[in-house]
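For reference, the chains in residue letters:
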Protein chains: 2
Amino acid sequence: MDIPFWNREIETLDRASLEKVQLERLRQMVSWALKTPFYGRKLASAGIGSPEDVKSLRDLERIPFTVKDDLRRGFPRGLLAVEMSEVVRIHSSSGTTGIPTVIYFARDDLDRWTDLLARSITATGASSRDILQNMMTYGLFTGGLGLHYGAERVGMTVIPIGGGNTKRQIQTMKDFQTTVLHVTPSYLLHIHSQFENEGVRPGDLAVKRAFIGAEPHSENTRRKIEDLLGIQAFNSYGLSELNGPGVAFECVHRKDMHVWEDAYLIEIIDPKTGQNVEDGQEGEVVLTNLVRRAMPILRYRTRDLAFVHPEPCECGRTHRRLSRILGRTDDMLIINGVNVFPSQIEERIMKVPEVATNYLIHVDKKGALDRLTVKVEIYPKLFLGEAARLEALRARIREELRSSIVISPNVELHEPGSLPVSEGKAKRVVDERPKD
Amino acid sequence: MDIPFWNREIETLDRASLEKVQLERLRQMVSWALKTPFYGRKLASAGIGSPEDVKSLRDLERIPFTVKDDLRRGFPRGLLAVEMSEVVRIHSSSGTTGIPTVIYFARDDLDRWTDLLARSITATGASSRDILQNMMTYGLFTGGLGLHYGAERVGMTVIPIGGGNTKRQIQTMKDFQTTVLHVTPSYLLHIHSQFENEGVRPGDLAVKRAFIGAEPHSENTRRKIEDLLGIQAFNSYGLSELNGPGVAFECVHRKDMHVWEDAYLIEIIDPKTGQNVEDGQEGEVVLTNLVRRAMPILRYRTRDLAFVHPEPCECGRTHRRLSRILGRTDDMLIINGVNVFPSQIEERIMKVPEVATNYLIHVDKKGALDRLTVKVEIYPKLFLGEAARLEALRARIREELRSSIVISPNVELHEPGSLPVSEGKAKRVVDERPKD
Ligand SMILES: [Zn+2]
Ligand SMILES: [Zn+2]
């Protein structure tokens, strides 16, 4: 296979050289970070008063973590390392607390971020000949504009359609013979469920690839997308705090995501102890910007759970790969004392061929006990069969789940289109237990 | 006054040199247009088979008009002059007919469009020191992304917030001390009406300028915006068919909009005869791209009504100025045989100091007769006074309108917040007469 590269030299740099680049850049980052009130204090408390105090990459572990609340408490300018007149872009997320998380970009920051996305897109085999329908929301959310800029740099034909309006999305795919989609996996599955309604026939569409991200999803969800649409789906990873999309992306081999290690230092830690774990071991992803001037972020605890594997990839890239996001440290459900991750549930139900494209996890109390209900949409023709077959399917799904999450949930079967749909990030869990 | 320029040479070029540039570029446009099926036929029918058939700018009048329906009929690729692989951006508007109007941009088209917007922004006195809150919708609509790119080129701090969410818009203005807004005039007036609710106090905001466009509005609406917010409001003009915003923009003097005549040929025609009218005379705006390679548009009938005035501007720019948009050829209402433009109504009611920021024009039938009702919001404290004062106000508004539109409408006074609000382009007219 002819492996496409955006910047072959940096993408295939041997580890020793890559680590040399990383150390230089980490020192530069420390010098930028020291200009901010927040890191000025934080680094001083760790005995780091100048870039020279970072002697090797190991010294990274001396730097205290940064968490989301630090970003909120620093609002609006506590983490800004340049004059406001140098800032050319502000992104922010409003979150649930009301205090937004704000990200500042200088012009060179935008330029480097754009380059990482051009690199990511190229790694999937997409090119200037492709027509991209960018279904991520444009605006303050980094997902839309971020990939847009990268695609433009690659020279793709960009259709900046943004999120929502499923009818128009499908019509646009047909009219312009879109070849690449950028979309959340849940929304793509929803769009597929509307193909029949919208009269999509085989051969109407030209889609070959989808870049899927912005929400955790299981490997079986990816397979389902690939099978149903007859396309290749590439996992994508990023978060606004560290720029947005383009932190890690799958290459043509679709075997986990290359982390662009010239731009980010990745660590996996034990979320309880804060200690680094071995490669291959699951833990919380911690990221450090290696090239961001306006707003340097060091050792950011993402709350995403994943693992890194260091084996070389067939594509020749030396940048290590990150597994798909297995869950989030803060989305774990405790059901009658048992830890359950929504991702475990998704992984299992998406394996069941009768299950269609949408599901919902519902938790409430029945008396003193927690009650877990998994609602899944199944294909409509199944409702035409005998009740006993439905009952057997329900039992099968319950058993499938029990073998993974240990407890045995209620399972409800629903017709397609009956569960709530999101046009962006899906809300998969409804927890109605009283908070104490 | 120190007059700011983005490209002083081109902006102050003497007319003879400017016309020389125009003629060269028009020939180039004809050669590009001839590559499209649509203009191939159209130009042939006018006896233009090669760029050399255009001997002078007068030959422009030999080219047949292009209308919106031509763009729809050409869907999707009838007006495309390059290979799809050269297209880096697609914009489209869905309109009311269901068939979208599609605009294609090559990379150099985007670059030139961006430059026109940088020029426009600079002409208002805004600069890299400003913080722009871009409230126009991002996505397929050209208003959001178009100005965004120009502002980024200027080096402004861009907050890509997009349309809607008034609460967040106001909070963002406060948090980031926004200095420039890009917004429709109707939405800006609505936002102002929410200042009190949101606890905005004098001194909380740093807004100095607003770029207002995307809908026709009266001079009195502009004055109202300037007085209520204590800012300068700059009229902006553009339409997607010709790129988007940046066709014409007001300079620091705010006395009508310089048309960037190195990029657009402007004509004003009598909409009935199609003949060019004299400078200063009102008619339909007809525009020709002078630099667009992927999708050249010649003599596009915009349906916007305005006039051009050729007097030199104090700023030194030689590019002629276009009046604000006085109305649209297709928005004229015929009320019992009398022609009424919604813009005439707006112009009058916005002069009345008691009138707040929102209004609606309603037309229906009462028996055989058309009935025109103008609903206006007035400031709430007025409702606390005597009924007789309200009645006097109503009579005064009715008389004000009668003196302009000849007929005497019903006038209804409403409390602020009671009429429907739009967060983008306002819908000002509801015509409920049966169509025959
Ligand atoms: Zn690889
Ligand atoms: Zn001027």
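- Taking an unreviewed UniProt entry as the reference, chain A is identified by name as Phenylacetate-coenzyme A ligase belonging to Anaerobaca lacustris.
- Under the UniProt heading Subunit (unreviewed entry), the entry covering chain A gives this text: "Monomer."
- Of the comments in the UniProt record for chain A, the one headed Catalytic activity (unreviewed entry) reads "2-phenylacetate + ATP + CoA = phenylacetyl-CoA + AMP + diphosphate".

### A short note on the overall build of chain A
Phase 1: A tally of regular secondary structure across chain A gives 11 helices and 21 strands.
Phase 2: The C-alpha atoms of chain A give a radius of gyration of 22 Å, which matches the 22 Å a tight globule of 436 residues would have.
Phase 3: A principal-axis box enclosing the C-alpha atoms of chain A has dimensions of 75 × 55 × 40 Å.
Phase 4: The buried share among the 436 residues of chain A stands at 59%.
Phase 5: Look at the contacts in chain A between residues 6 or more apart in sequence, and 67% of them connect residues 24 or more apart.
Phase 6: For chain A, the accessible area works out to roughly 17600 Å², and carbon and sulfur atoms hold 49% of it.
Phase 7: Separation of charge centres in chain A, based on 60 positive and 60 negative side chains, amounts to 2 Å.

### Details of the nonpolar core
Phase 1: Tyr104, Tyr237 and Leu322 of chain A together with Tyr104, Tyr237 and Leu322 of chain B are the most contacted members of the largest nonpolar core, which has 205 residues in total.
Phase 2: Among all residues touching Leu322 of chain B, those that are not within four sequence positions of it are Tyr237, Asp256, Met257, Val259, Ile266, Ile268, Val285, Ala306, Phe307 and Val308 of chain B.
Phase 3: Formed by 25 residues, the second largest nonpolar core is a distinct cluster that contains Ile378, Leu382, Leu390 and Val429 of chain B.

### A short note on helix α10 (residues 342-349) of chain B
Residues lying three or four places apart along an α-helix face the same way, a consequence of the helix completing one turn every 3.6 residues.
Phase 1: For α10 of chain B, every residue scored as buried is listed here: Pro342, Ser343, Ile345, Glu346 and Ile349 of chain B. One side of α10 of chain B carries all its buried residues, which in axial view fall inside an arc of 160 degrees.

### What about the sheet that holds strand β15 (residues 327-328) of chain A?
Phase 1: Spatial ordering of the open sheet is given by β10-β11-β12-β15 (chain A), a layout of four strands whose pairing is antiparallel. Edge strands, defined here as strands with exactly one partner in the open sheet, are β10 (264-269) and β15 of chain A.

### Structural notes on the UniProt feature "domain: AMP-dependent ligase C-terminal" (unreviewed entry) in chain A
Phase 1: The feature "domain: AMP-dependent ligase C-terminal" (unreviewed entry), as given by UniProt, occupies residues 337-433 of chain A in the numbering adopted here.
Phase 2: Secondary structure content for residues 337-433 of chain A is 28% helix and 34% strand, and the end C-alpha separation is 14 Å.

### Focus on the coordination of the zinc ion (ligand 1)
Phase 1: Distances from the zinc ion (ligand 1) to its protein donors, Cys251 of chain A (SG), His258 of chain A (NE2), Cys313 of chain A (SG) and Cys315 of chain A (SG), fall within 2.1 to 2.3 Å.
Phase 2: Around the zinc ion (ligand 1) sit four donor atoms, and with donor-metal-donor angles ranging over 100 to 117 degrees the site reads as tetrahedral.

### A closer look at the relation of the copies chain B and chain A
Phase 1: By a simple turn and slide, chain B fits onto chain A: the slide is 0.0 Å along the axis, the RMSD is 0.1 Å, and the turn is 180 degrees. Here the copies are linked by what is in effect a two-fold axis. Using C-alpha coordinates, one finds that chain B approaches the rotation axis most closely at Tyr138 of chain B, a distance of 3.0 Å.

### What to know about the sheet that holds strand β10 (residues 264-269) of chain B
Residues and elements named next belong to chain B.
Phase 1: Pairing is antiparallel across the open sheet formed by four strands, whose spatial order is β10-β11-β12-β15. Edge positions in the open sheet fall to β10 and β15 (327-328), since each of these has one partner strand only.
Phase 2: Judged from the four bridges that link them, strand β11 (residues 283-289) and strand β12 (residues 300-306) form a sheet pairing that is antiparallel. Counted as the bridge partner of Glu284 is Leu305 from β12.

### Looking at the interface of chain B and chain A
Phase 1: With 39 residues of chain B at the contact, the number on the chain A side is 39 residues.
Phase 2: Here chain B meets chain A over a buried area of about 3000 Å², counting both sides, of which 59% is carbon and sulfur.
Phase 3: Here Glu152 of chain A makes a salt bridge to Arg89 of chain B, at a shortest N to O gap of 3.1 Å.
Phase 4: Between the two partners, chain B and chain A, sit 24 residue pairs in polar contact (both at pLDDT 80 or more).

### So, the coordination of the zinc ion (ligand 2)
All names here are of chain B.
Phase 1: Distances from the zinc ion (ligand 2) to its protein donors, namely Cys251 (SG), His258 (NE2), Cys313 (SG) and Cys315 (SG), fall within the range 2.1 to 2.3 Å.
Phase 2: Seen from the zinc ion (ligand 2), its four donor atoms lie at angles of 100 to 118 degrees, and the figure they make is tetrahedral.
Phase 3: Of note, the zinc ion (ligand 2) draws all its donor residues from one chain, in the sequence arrangement C-x6-H-x54-C-x1-C. A residue pair is termed long-range when its members are at least 10 positions apart, and Cys251 in the loop between β8 (244-250) and β9 (257-259) and Cys315 in the loop between β13 (308-309) and β14 (321-322) qualify at 64 residues.
Phase 4: When its relative accessible area of 5% is taken as the criterion, Cys315 is described as buried.

### Some thoughts on the side chain of Thr288 of chain B
All names here are of chain B.
Phase 1: Looking at the element boundaries, Thr288 is found in strand β11.
Phase 2: Classification of Thr288 as buried rests on a relative accessible area of 0%.
Phase 3: Contacts of Thr288, omitting those with residues within four sequence positions, involve Leu26, Leu60, Leu242, Ala263, Tyr264, Leu265, Ile297, Leu298 and Arg299.

### Details of the confidence of the model for chain A
Phase 1: In this model, chain A carries a mean pLDDT of 93, and residues with pLDDT of at least 70 account for 98%.
Phase 2: On the interface metric, ipTM, the complex scores 0.89, and its pTM is 0.89.

### Quick look at the pattern of salt bridges
Residue and element names in this part refer to chain A.
Phase 1: A full pass over the atoms with the stated rule returns 80 salt bridges over all chains.
Phase 2: With a closest N to O distance of 2.6 Å, Glu261 and Arg15 form a salt bridge. One end of the pair, Glu261, is in the loop between β9 (257-259) and β10; the other, Arg15, is in helix α2 (residues 15-33), and 246 residues separate them in sequence.
Phase 3: When its relative accessible area of 1% is taken as the criterion, Glu261 is described as buried.
Phase 4: Assessed through its relative accessible area of 27%, Arg15 is described here as partly exposed.
Phase 5: For Arg112, the salt bridge goes to Asp108, with nearest N and O atoms at 3.1 Å. In this pair, Arg112 and Asp108 are both assigned in helix α5 (residues 107-123), four residues apart and thus about one turn of the helix distant.
Phase 6: Arg112 gets classed as partly exposed once you look at its relative accessible area, which sits at 26%.
Phase 7: Residue class for Asp108 comes out partly exposed when judged on its relative accessible area of 24%.
Phase 8: One network of salt bridges, with partners in common, ties together Arg15, Glu19, Glu261, Asp279 and Arg320.

Cut-off values and rules
Residues numbered from 1 in each chain as written. Chains lettered and ligands numbered in written order. Predicted model: local features only at pLDDT ≥ 70, side-chain atom pairs only at ≥ 80, totals over all residues. Heavy atoms only, no water. UniProt positions renumbered as here; feature names shortened; annotations may be inferred. Helix = DSSP H or I, 4+ residues; strand = E, 2+ residues; numbered from the N terminus. Rg over C-alpha atoms; globule rule 2.2 N^0.38 Å. Buried < 20%, exposed > 50% of the residue type's maximum accessible area, 1.4 Å probe, protein only. Contact = heavy atoms within 4.5 Å. Areas by Shrake-Rupley, 256 points an atom, 1.4 Å probe, with all protein chains shown as cover. Lys, Arg positive; Asp, Glu negative; His and termini not counted. Charge placed at Lys NZ, Arg CZ, Asp CG, Glu CD. Core = buried A, V, L, I, M, F, W, Y, C linked by side-chain atoms within 4.5 Å. Arc of directions from axis to C-beta. Pairing = 2+ DSSP bridges. Donors = N, O, S within 2.8 Å, 3.2 Å for Na, K, Ca; no water. Tetrahedral: all angles 85-135°; square planar, octahedral: opposite > 155°, others 65-115°. Least-squares fit on C-alpha atoms with pLDDT ≥ 70 in both. Buried area = accessible area lost by both parts, 1.4 Å probe. Salt bridge = Lys/Arg side-chain N within 4 Å of Asp/Glu carboxyl O. Polar contact = N/O pair within 3.5 Å; in protein donor to acceptor, adjacent residues only side chain to side chain. pLDDT = per-residue confidence, 0-100.

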